[in-house]
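The primary structure of each chain is shown beneath.
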Amino acid sequence: MATQRFTDYIEDPVITRIRSWDRRSVREACIDNDLYTCGDNDEYEEMQCMVDRMQPTIKSLYLVAKNIQEHSKDQTITNVMFILERAAVLTTFEINGSDEI
């Protein structure tokens, strides 16, 4: 006779990762890390509009980080991407369509 385990009855949950950012969180990341110190107000507003239009995918992180790096002193694009990922991107999760368990 086969023995069934408890795990045989548990369905795999559907887990969704939701990532977001906004101009405020990117602004705070720039201020906290002394970024975008070489750009003017119009260039900065253009970068903020990029953030408004994009979801924080790897490609958009690169594009925004490249813009920030071009207007900052002594930064690499990958470092700015790391800063944005850590400080500006909010990641939440839903399990089976709910953030409540």
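Positions within a chain are numbered from 1, following the residues in the order the chain's sequence is written. In keeping with the predicted nature of the model, local features appear solely for residues at pLDDT of at least 70, side-chain atom pairs appear and are counted solely at 80 or more, and the whole-chain, interface and lining totals rest on all residues. In computing side-chain values, all of the structure's heavy atoms are included and hydrogens and water are not.

### Brief notes about the overall build of the protein
Link 1 in the chain: From N to C terminus, the protein includes 4 helices and 2 strands.
Link 2 in the chain: Considering the protein as a whole, with its 101 residues, one finds that 27% of them fall into the buried category.
Link 3 in the chain: By definition, residues are in contact when any of their heavy atoms lie within 4.5 Å. Long-range pairs, those at least 24 residues apart, make up 65% of the contacts in the protein between residues at least 6 apart in sequence.
Link 4 in the chain: Methods summary: accessible areas were calculated by the Shrake-Rupley approach with a probe of 1.4 Å, and residue burial reflects only the protein chains presented. When the accessible surface of the protein is summed, it comes to about 7,500 Å², and 51% of that surface belongs to carbon and sulfur atoms. Starting at the N terminus, helices and strands are each numbered in turn, a helix being any DSSP run of H or I of at least four residues and a strand any DSSP run of E of at least two. Between buried and exposed lies partly exposed: a residue is buried under 20% and exposed over 50% of the maximum accessible area for its type, with that area taken using a 1.4 Å probe on protein chains only.

### A short note on the packing of helix 1 (residues 23-32) against helix 2 (residues 41-53)
Link 1 in the chain: For the pair helix 1 and helix 2, the least separation of the axes is 9 Å and the interaxial angle reads 130 degrees. With respect to helix 2, the axis of helix 1 lies oblique. For helix 1 against helix 2, the interelement crossing comes out right-handed. Contacts between helix 1 and helix 2 involve Arg-23, Val-26, Arg-27 and Cys-30 from the former and Tyr-44, Glu-45, Met-47, Gln-48, Cys-49, Val-51 and Asp-52 from the latter. With axes taken as lines fitted to C-alpha atoms, and helix axes fitted only over the stretch in contact, angles between N-to-C directions fall between 0 and 180 degrees. These descriptions rest on fixed angle ranges, namely under 35 degrees for roughly parallel, over 145 for roughly antiparallel, 65 to 115 for roughly perpendicular, and the rest for oblique. By convention the crossing between two helices is left-handed if the near helix lies anticlockwise of the far one by an angle smaller than a right angle, and right-handed if it lies clockwise.

### Overview of the packing of aromatic side chains
Link 1 in the chain: Stacked, edge-to-face and tilted labels apply to pairs of Phe, Tyr and Trp rings (six-membered ring for Trp) whose centres lie within 6.5 Å, assigned for plane angles under 30 degrees, over 60, and everything in between, in that order. Using the criterion set out here, one finds 1 aromatic pair in the structure.
Link 2 in the chain: Centre to centre, the rings of Tyr-36 and Tyr-44 are 5.1 Å apart; their planes meet at 80 degrees, and the pair counts as edge-to-face.
Link 3 in the chain: With a relative accessible area of 22%, Tyr-44 lands in the partly exposed category.

Spatial relationships are all this shows, so hold off on functional conclusions.
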